[in-house]
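Each chain, letter by letter, is given below.
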Amino acid sequence: MIKLPKKIAFILLIIVTILLAITFTNIDWNIVNNPGSNYELFKEIREPILFLILVTFYIKYYVRILNNEKK
């Protein structure tokens, strides 16, 4: 597994969080509230879901780095 330094992991966490915020603001809420089909709904929310998963991964990774450093 790749081991990232603490500073790089933090920078990646910040970048992915900013991208999550940007993609979340670009959602067309009319499509989400009244989806014509499941494909349109998936197409609209797939990028925010991807960045949400990445943010969760990087938060978990960064906290693990901090806990290992604390020990």
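Bear in mind that the values here come from a model prediction, so they are computed numbers and not experimental data.

A.B. asks: Describe the packing of helix α1 (residues 6-25) against helix α3 (residues 38-70), listing the residues and the values that go with them.
C.D. replies: Packing of α1 against α3 leaves a shortest axis separation of 9 Å and a crossing angle of 155°. Comparing their axes, α3 and α1 come out roughly antiparallel. Here the hand of the crossing between α1 and α3 comes out left-handed. Within the contact of α1 with α3, the residues separate by chemical class into 19 nonpolar, two polar and three charged.

A.B. asks: Please give an account of α1 that cites residues and values.
C.D. replies: The terminal C-alpha atoms of α1 lie 29 Å apart, and with 20 residues this matches the ideal 28 Å at 1.5 Å per residue to within 8%. Among the residues making up α1, those that are buried are Ala9, Leu13, Val16, Leu20 and Thr23. For α1, the buried positions fall inside an angular range of 100° around the axis, keeping them on one side. Those residues of α1 that are exposed and aimed more than 90 degrees away from the buried face are Lys7 and Thr25.

A.B. asks: Lay out the environment of Leu13 in plain terms, naming residues and giving numbers.
C.D. replies: Relative to the assigned elements, Leu13 resides in helix α1. Distance in space between the C-alpha atoms of Leu13 and Ile53 is 12 Å, their sequence separation being 40 residues. The residues contacting Leu13, other than those within four sequence positions of it, are Val55, Tyr58 and Ile59.

A.B. asks: Tell me about the packing of aromatic side chains, and please be specific about residues and values.
C.D. replies: Under the definition given, this model contains four aromatic pairs. Between Phe10 and Tyr62, the ring centres sit 5.5 Å apart and the planes meet at 45°, which makes this aromatic pair tilted. Placement of Phe10 in helix α1 and of Tyr62 in helix α3 is noted, with a sequence separation of 52 residues between them. Judged by its relative accessible area of 16%, Tyr62 falls in the buried class. With a centroid separation of 5.3 Å and an interplanar angle of 70°, the aromatic rings of Phe57 and Tyr58 are classed as edge-to-face. Classification of Phe57 as partly exposed rests on a relative accessible area of 41%. Each residue in the set Phe57, Tyr58 and Tyr61 is aromatic and connected to the rest through ring pairs, giving one cluster.

What counts, and where the lines are drawn
- Throughout this document, residue positions are counted from 1 along each chain, in the order its sequence is written.
- This being a predicted model, a pLDDT of at least 70 is required before a residue's local features are given, and a value of 80 or more before pairs of side-chain atoms are given or counted; all residues contribute to the totals for chains, interfaces and linings.
- Working from all heavy atoms in the structure, the side-chain values ignore hydrogens and water.
- Note on method: axes are straight lines fitted to C-alpha atoms, helices fitted across the in-contact stretch only, with angles between N-to-C directions ranging 0 to 180 degrees.
- Secondary structure follows DSSP: runs of H or I at least 4 residues long count as helices, runs of E at least 2 residues long count as strands, and numbering of each begins at the N terminus.
- Oblique is the label for every angle not falling under 35 degrees (roughly parallel), over 145 degrees (roughly antiparallel), or within 65 to 115 degrees (roughly perpendicular).
- Less than a right angle of anticlockwise turn of the near helix away from the far helix marks a crossing as left-handed, whereas a clockwise turn marks it as right-handed.
- Ten residue types, Ala, Val, Leu, Ile, Met, Phe, Trp, Tyr, Cys and Pro, are classed as nonpolar, four, Asp, Glu, Lys and Arg, as charged, and the remainder, Gly among them, as polar.
- By this rule the span expected of a helix is its residue count minus one, scaled by 1.5 Å.
- Only protein chains enter the calculation, and the probe is 1.4 Å; a residue is then buried if its accessible area is under 20% of its type maximum, exposed if over 50%, and partly exposed in between.
- The arc under discussion is defined with respect to the helix axis, by the directions toward the C-beta atoms.
- We call two residues contacting when some pair of their heavy atoms lies within 4.5 Å.
- Ring pairs are drawn from Phe, Tyr and Trp, using the six-membered ring of Trp, whenever the two centres fall within 6.5 Å, and their geometry is named by plane angle: stacked under 30 degrees, edge-to-face over 60, tilted for the rest.

By themselves these figures say nothing about function.
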